[in-house]
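Structural overview for review
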Amino acid sequence: QVQLVESGGGSVQAGDSLRLSCTASGQTSSQYHMGWFRQFPGKEREFVAGISWSGVSTYYGDFLTGRFAISRAYGDNTMYLQMNKLKPEETGVYYCAVAPSYDIMRNGPSGIDNWGKGTLVTVSS
């Protein structure tokens, strides 16, 4: 099992930026992918961004327009999500996840077993 701990959520104004962090521990693998999902009130969890364990490959949800950037610190089991120009409708809980492959991560949340507890992002207008 992999343990995931997120941090960095909070309350901001529309147009502001936030950086989320997620640290993985436990039975990790260089074959894994790490990623972020978000869940709005009353909605299903949706894919935001993913990154290969090496950090070489990154990919994003279809709705994004370049405002978010996912990254990893080399040699560190920590992943980041830089979110810029946040919008009020992006208020929700952001979850960190680990999956054994790109396909499982990109087509999640079904099939993903390792989740963080989530961090709340509130964007006020």
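The following refers to the structure shown.

**Focus on the overall build of the protein chain**
Counting its regular elements, the protein chain contains one helix and eleven strands. Taken over the C-alpha trace, the protein chain has a radius of gyration of 13 Å; the compact-globule value for 125 residues is 14 Å, and the two agree within 12%. The C-alpha extent of the protein chain, read off along each of the three principal axes, is 40 × 30 × 25 Å. Looking at the protein chain as a whole, 42% of its 125 residues are labelled buried. Sequence-distant contacts in the protein chain: of pairs separated by 6 or more residues, those separated by 24 or more amount to 57%. Roughly 6300 Å² of accessible area belongs to the protein chain as shown, and the carbon and sulfur atoms make up 47% of that amount. Charged side chains in the protein chain number 10 positive and 10 negative. The centres of these two groups are separated by 4 Å.

**Brief notes about the pairing of strand β11 (residues 119-124)**
Consecutive residues of a regular strand have side chains that alternate between opposite faces of the sheet. Because side chains alternate across β11, one face comprises the buried residues T119, V121 and V123, and the other comprises L120, T122 and S124, none of which is buried. The pairing of strand β2 (residues 10-13) with β11 spans four bridges and is parallel. Across the sheet, Q13 pairs through a bridge with S124, a residue of β11. Summarising the sheet, strand β9 (residues 92-99) and β11 pair through three bridges and their orientation is antiparallel. Bridging from a neighbouring strand, Y94 pairs with T119 of β11.

**Section: the side chain of R67**
By secondary structure assignment, the location of R67 is in the loop between β6 (58-60) and β7 (68-72). Here the side chain of R67 touches K85 through a polar contact of 3.0 Å, landing on its backbone oxygen. Contact partners of R67, with chain neighbours within four places excluded, come to Q82, M83, N84, K85, L86, K87 and E90.

**Section: the state of the cysteines**
Evaluated as defined, the whole model comprises one disulfide. At a sulfur-sulfur separation of 1.9 Å, the disulfide partner of C22 is C96. Measuring handedness by torsion sign, the sulfur bridge of C22 and C96 sits at about -70° and is left-handed. Here C22, found in strand β3 (residues 18-26), pairs with C96, found in strand β9; they are 74 residues apart in sequence, far enough to count as distant. Accessibility expressed as a relative area gives 0% for C96, which makes it buried.

**What about the pattern of salt bridges?**
With the rule as written, the count across this model stands at four salt bridges. A salt bridge links R38 to E46, with the shortest nitrogen-to-oxygen separation between them at 2.7 Å. A relative accessible area of 4% means that R38 is categorised as buried. When the shortest N-O distance is used, the salt bridge between R38 and E90 registers 3.1 Å. Of the two residues, R38 sits in strand β4 (residues 33-39) while E90 sits in the loop between β8 (78-83) and β9, which places them 52 residues apart along the sequence. Each of the salt bridges in this network shares a partner with another, and the network as a whole consists of R38, E46, R67 and E90.

Basis of the calculations
Residues numbered from 1 in each chain as written. Predicted model: local features only at pLDDT ≥ 70, side-chain atom pairs only at ≥ 80, totals over all residues. Heavy atoms only, no water. Helix = DSSP H or I, 4+ residues; strand = E, 2+ residues; numbered from the N terminus. Rg over C-alpha atoms; globule rule 2.2 N^0.38 Å. Buried < 20%, exposed > 50% of the residue type's maximum accessible area, 1.4 Å probe, protein only. Contact = heavy atoms within 4.5 Å. Areas by Shrake-Rupley, 256 points an atom, 1.4 Å probe, with all protein chains shown as cover. Lys, Arg positive; Asp, Glu negative; His and termini not counted. Charge placed at Lys NZ, Arg CZ, Asp CG, Glu CD. Pairing = 2+ DSSP bridges. Polar contact = N/O pair within 3.5 Å; in protein donor to acceptor, adjacent residues only side chain to side chain. Disulfide = S-S within 2.5 Å. Salt bridge = Lys/Arg side-chain N within 4 Å of Asp/Glu carboxyl O.

Nothing here speaks to function; it is geometry throughout.
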